Amino acid sequence: MEHPFYSLSKKPETSVRRYEHNGQWLEITPSVKGLATIYDKDILIYCISQIMAKLKAGEKVSQRVRISSRDLLIFTNRGTAGKDYKALIEALDRLEGTRIRTNIVTGDEEQVDGFGLIDASSIRRKLGLDGRLLHCEIKLSDWVFNAIKSNDVLTLHRDYFRLRKPLERRVYELARKHCGHQAAWKVSLEILLKKSGSQSPEKLFRQMIKNLAASDHLPDYHVEFDLQKDMVTFINRGTMKAAEPAAEAWMGALDPDIYGDARNIAPGWDVHHIEREWRMWLGDNEIAPKNPERHFIKFCETWFAKRGQP
């Protein structure tokens, strides 16, 4: 999480990035399709969570992770239509194409290592008009898999996936890495900008951090910004509610006919967005409904009653 491997832009970034800090350097080379984005990273997080869950259960694991394409799309806050299938392939292309090279200095020797994020991927899709996704298989790189086996990964708050702005996600990651369970972490705006990997000029970055501190909606950490000293302080909220997608209460598929009823009950809303919120709510409350369709419709009724037309 400390190093900025991922793009914070929605536009394709194809230029080579290089970062240097305290004698160490990191060079990231994207493919012609662009650098992997922080939203693409959600796919990697999901795969890692599946392996971690198996390790905790004492099951055997390998670098190849086979998962339900639908569950993956829902977890990564995407839809499940044909266009989402295409977007998933594009995200996997960026993850496969992004290459990282870095140096490790030990005494009077320097070691230079290169690695990728994922080595290969495969998606199965039902032929026909609906183009329903079946399953997805991803082979993680040696570097990622070794980090998992060494338990060198950090859990994230579930609300991390509800952060809409790329910079908010990146700032949360840095706070999680450097502050962790400590009471607080203080960093200069200059260093925070460098670690974030943001391509924004310092003036704009300063305003974004100021807005983030004012909104105070970052999970796990309260953000304070001293404009006079250009210092940012992250204060632990004491929550540390971890994201455990593998432990969702119910991972099954809804009857396709139920979406028509949901649209009538919550007119104007994207029912797949409501479904994602419903599934996260089930997981948060460890609920496994006996009748998922009826439970989902009731959730839609409550959703619309509270929010009305979008």
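The chain carries the name Plasmid replication initiator protein RepA in an unreviewed UniProt entry, which gives Gluconobacter sphaericus NBRC 12467 as its organism.

Below, the discussion takes up the pattern of salt bridges. Following the criterion strictly, the structure yields 16 salt bridges and no others. Measuring nitrogen to oxygen at the nearest pair gives 3.4 Å for the salt bridge that ties arginine 18 to glutamate 27. Here arginine 18 falls in the partly exposed class, since its relative accessible area comes to 42%. The closest approach of N and O atoms between glutamate 301 and lysine 298, which form a salt bridge, is 3.8 Å. Taken together, the residues glutamate 301 and lysine 298, both in helix H10 (residues 292-307) and three residues apart, mark about one turn of the helix.

With that out of the way, let us pick up unusual backbone geometry. Here aspartate 216, not a glycine, exhibits a phi torsion of approximately 50°, which is positive. Note on placement: aspartate 216 falls in the loop between helix H7 (202-215) and strand S9 (221-226). Classification of aspartate 216 as partly exposed rests on a relative accessible area of 28%. Of note, the phi angle at aspartate 220 is positive, near 70°, even though the residue is not glycine. Within the secondary structure, aspartate 220 sits in the loop between H7 and S9.

Within soluble globular proteins, side chains that are nonpolar generally end up buried alongside one another. Core analysis: the largest hydrophobic core is formed by 63 residues, its most contacted members being Leu92, Leu140, Leu192, Val232 and Phe234. Looking at this core, the element that brings in the most residues is helix H1 (residues 41-56), giving eight residues. Filtering out sequence-adjacent residues up to four positions away, leucine 192 remains in contact with Leu174, Trp185, Val187, Phe205, Ile209, Val232 and Phe234.

Residue placement: histidine 273 occurs in helix H9 (residues 271-285). Judged by its relative accessible area of 17%, histidine 273 falls in the buried class. Filtering out sequence-adjacent residues up to four positions away, histidine 273 remains in contact with Arg164 and Trp303.

Bringing the packing of aromatic side chains into the picture now. Tallied over the full model, the rule gives eleven aromatic pairs. Between tyrosine 160 and tyrosine 172 the ring centres are 5.8 Å apart and the planes differ by 45°, which places this aromatic pair in the tilted class. One end of the pair, tyrosine 160, is in the loop between helix H4 (142-149) and helix H5 (166-178); the other, tyrosine 172, is in helix H5, with twelve residues separating them in the sequence. Note on tyrosine 160: relative accessible area 0%, which makes it buried. In textbook terms, an aromatic cluster arises when at least three aromatic residues are bridged by ring pairs, as seen for Phe5, Tyr6, Phe115 and Trp143. Positioned above the aromatic ring of tryptophan 25, the side-chain terminus of arginine 18 is 4.4 Å from the ring centre. The positively charged end of arginine 169 is found above the aromatic ring belonging to tyrosine 160, 5.1 Å away from the centroid.

Conventions we followed
Residues numbered from 1 in each chain as written. Predicted model: local features only at pLDDT ≥ 70, side-chain atom pairs only at ≥ 80, totals over all residues. Heavy atoms only, no water. Salt bridge = Lys/Arg side-chain N within 4 Å of Asp/Glu carboxyl O. Buried < 20%, exposed > 50% of the residue type's maximum accessible area, 1.4 Å probe, protein only. Helix = DSSP H or I, 4+ residues; strand = E, 2+ residues; numbered from the N terminus. Core = buried A, V, L, I, M, F, W, Y, C linked by side-chain atoms within 4.5 Å. Contact = heavy atoms within 4.5 Å. Phe/Tyr/Trp six-rings, centres within 6.5 Å; stacked < 30°, edge-to-face > 60°. Lys NZ or Arg CZ within 6 Å of the ring centre and 35° of its normal.

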